[in-house]
Structures are given as structure tokens and as C-alpha cells.
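# A look at the structure
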Amino acid sequence: MSRVPVDHARGEELTYLQALAEGRVVFQVCDDCGSAVWYLRTVCPFCMSAALREHTAVGTGTIHSLTTLHRAGNAARVGDLPYTVALVDLDEGVRVIGDLADADNGPLAIGDRVTAHPYPDGVVFEALERNAR
Ligand SMILES: [Zn+2]
């Protein structure tokens, strides 16, 4: 996981991390244009409206892309090497980044269905079902 120093977070980042600590993955929906937005922001990136409302994701989604890191992105992750990070399209229409848990029966791939598990400093995706390949 990212191991974000929570004591340094503020604004929307702090809101997101507090939701993770409560066991929720949150995103926003714009009341003006209807767009789903992740990460949390103060204004909608599609119409610049400030009418963003927080929603809790169900947590299911599809792997959009993934990569396995053999060099840590920061010093806090060195002990996790190698680890896999994925971009996942949640069913609510937002693309979220998180770690990809090891699957019992081989590596996951683009198109596989996963479920998001919130942790205080990030999201870990675990296998739900595999895409036919
Ligand atoms: Zn909008």
C-alpha cells in the first residue's frame, strides 16, 4: 500500500484517508453534470462545478491496467518488493489505483474482476472472477 503519512494529509486527501480508515472507498458524483469523480476534489474536473457529493463505492470493478514494481516508488515500499499496482474501473464509473493482491491460482490480468478492500493508507484489490482468456 501507499503508506501515505496520514498526519500530513489535508482537505480532500484527508477525507479520502478517513473514509478508508472507516472501511469505505469513496468517490464523488457531480450534481450538475452527473460525472463520477475519483480522486476527491473541490471542483468537478468536467464542468468546474463545486457541487460534488461523496458516495461510497460498492468496491467491485474490472482491472484496466497493472504493473509489477521491482523498484519501490518510495522508501516505505522497499520491503514490499515486488508488488503489483493496478488501475481498476469501479462499477460506479471511476478509475481507482491500488495494490493488487496475489491470487491463489496465478497472476491476475487486464479484464479480470476484482473487489476493493480499503485499508487506512490505500486500497488492495483481490480477485473476484477471471476474464475468459
Ligand atoms: Zn460536473
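For the structure itself, look to the data block above.
Residues numbered from 1 in each chain as written. Predicted model: local features only at pLDDT ≥ 70, side-chain atom pairs only at ≥ 80, totals over all residues. Heavy atoms only, no water.

Turning our eyes to something else, we now look at the overall build of the protein. Helix and strand counts for the protein come out as 1 helix and 8 strands. Going from the N terminus to the C terminus, the protein shows its helices and strands as α-β-β-β-β-β-β-β-β. Taking 2.2 N^0.38 as the reference for a compact globule, 133 residues should give roughly 14 Å; the C-alpha atoms of the protein span a radius of gyration of 15 Å, in line with that estimate. Taking contacts inside the protein between residues at least 6 apart in sequence as the whole, the part at least 24 apart equals 51%. Here the protein contributes 11 positively and 18 negatively charged side chains, and the mean placements of these two sets differ by 5 Å. (Helix = DSSP H or I, 4+ residues; strand = E, 2+ residues; numbered from the N terminus. Rg over C-alpha atoms; globule rule 2.2 N^0.38 Å. Contact = heavy atoms within 4.5 Å. Lys, Arg positive; Asp, Glu negative; His and termini not counted. Charge placed at Lys NZ, Arg CZ, Asp CG, Glu CD.)

Bringing the pattern of salt bridges into the picture now. Summed over the entire model, instances satisfying the criterion amount to 7 salt bridges. With a closest N to O distance of 2.9 Å, Arg24 and Glu22 form a salt bridge. For Arg24, a relative accessible area of 26% corresponds to the partly exposed category. What makes Glu22 exposed here is its relative accessible area of 54%. (Salt bridge = Lys/Arg side-chain N within 4 Å of Asp/Glu carboxyl O. Buried < 20%, exposed > 50% of the residue type's maximum accessible area, 1.4 Å probe, protein only.)

As a further point, take the side chain of Thr84. The topology assignment puts Thr84 in strand S5 (residues 83-90). Among the polar contacts made by the side chain of Thr84, one reaches the side chain of Thr68 at a distance of 2.7 Å. Not counting residues within four places of it along the chain, the set of residues in contact with Thr84 comprises Leu66, Thr67, Thr68, Gly98, Asp99 and Leu100. (Polar contact = N/O pair within 3.5 Å; in protein donor to acceptor, adjacent residues only side chain to side chain.)

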